[in-house]
Amino acid sequence: MNFKERFSQAAIASVTDIFETMLPLKMDNSVHQKPLPEEMLNSQIPRDIIGTIGIAGDITGTISLFLSCKMAMIMASLLLEEDIQEINEDVYESVAELTNMVAGGIKTALSTQRDLFELSLPTVISGENQQTHYIQPVYNITLPIFTDRGTFFISTVISTISRIYQDGGHGE
Amino acid sequence: MAGTILIVDDSTVTRKVIKKHLSKGPYANLKVLEAPDGQKAMEFVEEGSIDLILSDWNMPKMNGLEFVTRVRAYEQENKRPEDQRAKIVMVTTEGTIDKVTQAMEAGVNQYIVKPFTAETLTKTLKKVLTVRV
């Protein structure tokens, strides 16, 4: 299994765990959840709200959630068990915490012997037509997560990576 | 069941979720205090008796590991008897063996990895609160 596949699998496992415990959403199993091809990265992703967490260690980069306002409100409502109909602090805080949980789950899944990377505190960005630009990433793994209530995206951008973790290597 | 619980987490969402879980279970009567980081939480610890602490790991100002280390040092400096020391549960997204080991060595009693269910929280509290409160 190559690096992209390992990261994607870890991301799906992390989200599945969240869905089974704190966020009652169902993954749409009729769709194969796999990374978007590079040519679709700029056109297909909603950018109303972006939750980002930095990672640093043997791998450096960012793990981000990209959501529409609607999806962010649905997820915040489910997480807090409240009916949230507008973008407010609870929505931003929910996106931050979900980003944190997704990133933590990915880290735990990939770090079998020692911590592969450390996590920063999450940041949430909101506004119209947010554009993201990454300087020469080694990998950009953007995974759509299709659920029964809508779609959101997990985007992992790796800017540096130890050679032992690159394709084919397990680093453990 | 009475007593005081201190929830330490920079995420207001996590604090709300924990409070909701507590309010529905056997620990609904616990007095709940909240702090957004270890620094503020340490003030509560020094002000009075806390029976149970639920602490996140990654927080601004003072992280969870440093906070736990300071709580245990404070209890030792003040010669607090073993059975009167706060029970500490780390509640964090940090789920690697490295992190769990560090936390336990610092004096954490139990460890919950986020995401978690209400049932996991209740079962964990039951384990740590059998002696006190």
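Keep in mind it's a predicted model, so treat the numbers as computed, not measured.

What tends to happen in soluble globular proteins is that the nonpolar side chains get buried as a cluster. In terms of nonpolar packing, the biggest core is built from 65 residues, with Phe7 and Phe152 of chain A touching the most fellow members. Broken down by element, the residue count for this core peaks at 9 residues, all from helix α2 (residues 69-80) of chain A. Among residues more than four places away in sequence, those in contact with phenylalanine 152 of chain A are Val15, Phe19, Leu65, Phe66, Leu67, Met71, Met75, Leu143, Pro144, Ile145 and Thr147 of chain A. Counting 25 residues, the second largest nonpolar core, distinct from the first, contains Leu6, Phe44, Val71 and Ala86 of chain B.

Bringing the environment of arginine 85 of chain B into the picture now. Residues and elements named next belong to chain B. Checked against the element boundaries, arginine 85 lands in the loop between α3 (64-77) and β4 (87-92). Among the residues examined, arginine 85 registers a relative accessible area of 22% and is labelled partly exposed. Considered as a pair, arginine 85 and glycine 38 are 47 residues apart in the sequence and their alpha carbons are 17 Å apart. Within the structure, the side chain of arginine 85 is placed 3.0 Å from the backbone oxygen of arginine 80, a separation counted as a polar contact.

Next up on the list: helix α5 (residues 118-128) of chain B. All names here are of chain B. Along α5, the residues that are buried comprise Leu121, Thr124, Leu125 and Val128. Each buried residue of α5 sits inside an arc of 100 degrees when the element is viewed along its axis, so together they form one side. Turned more than 90 degrees off the buried face of α5, the exposed positions are Glu119, Lys123, Lys126 and Lys127. Elements in contact with the buried residues of α5: α1 (12-24), β3 (52-55), β4 and β5 (110-113).

Another aspect to go through is the pattern of salt bridges. Within this structure, the stated rule accounts for 19 salt bridges over all chains. Note that glutamate 94 of chain B and lysine 107 of chain A form a salt bridge whose closest N and O atoms lie 2.7 Å from each other. Residue glutamate 94 of chain B is located in the loop between β4 and α4 (97-106), and its partner lysine 107 of chain A is located in helix α3 (residues 89-110); the two belong to separate chains. Comparing glutamate 94 of chain B with lysine 107 of chain A shows no difference in burial state: the two are buried. One salt bridge connects arginine 70 of chain B with glutamate 66 of chain B, and the closest N-O pair in it is separated by 2.9 Å. Placement of both arginine 70 of chain B and glutamate 66 of chain B in helix α3 is noted, with a separation of 4 residues, approximately one turn of the helix. Judged by relative accessible area, glutamate 66 of chain B falls into the partly exposed class, the value being 33%.

Looking now at the confidence of the model for chain B. Of the residues in chain B, 97% have a pLDDT of 70 or more, and the chain-wide mean is 93. Interface predicted TM-score (ipTM) for the complex: 0.91; the corresponding pTM is 0.91.

About the cut-offs
Residues numbered from 1 in each chain as written. Chains lettered and ligands numbered in written order. Predicted model: local features only at pLDDT ≥ 70, side-chain atom pairs only at ≥ 80, totals over all residues. Heavy atoms only, no water. Core = buried A, V, L, I, M, F, W, Y, C linked by side-chain atoms within 4.5 Å. Buried < 20%, exposed > 50% of the residue type's maximum accessible area, 1.4 Å probe, protein only. Helix = DSSP H or I, 4+ residues; strand = E, 2+ residues; numbered from the N terminus. Contact = heavy atoms within 4.5 Å. Polar contact = N/O pair within 3.5 Å; in protein donor to acceptor, adjacent residues only side chain to side chain. Arc of directions from axis to C-beta. Salt bridge = Lys/Arg side-chain N within 4 Å of Asp/Glu carboxyl O. pLDDT = per-residue confidence, 0-100.

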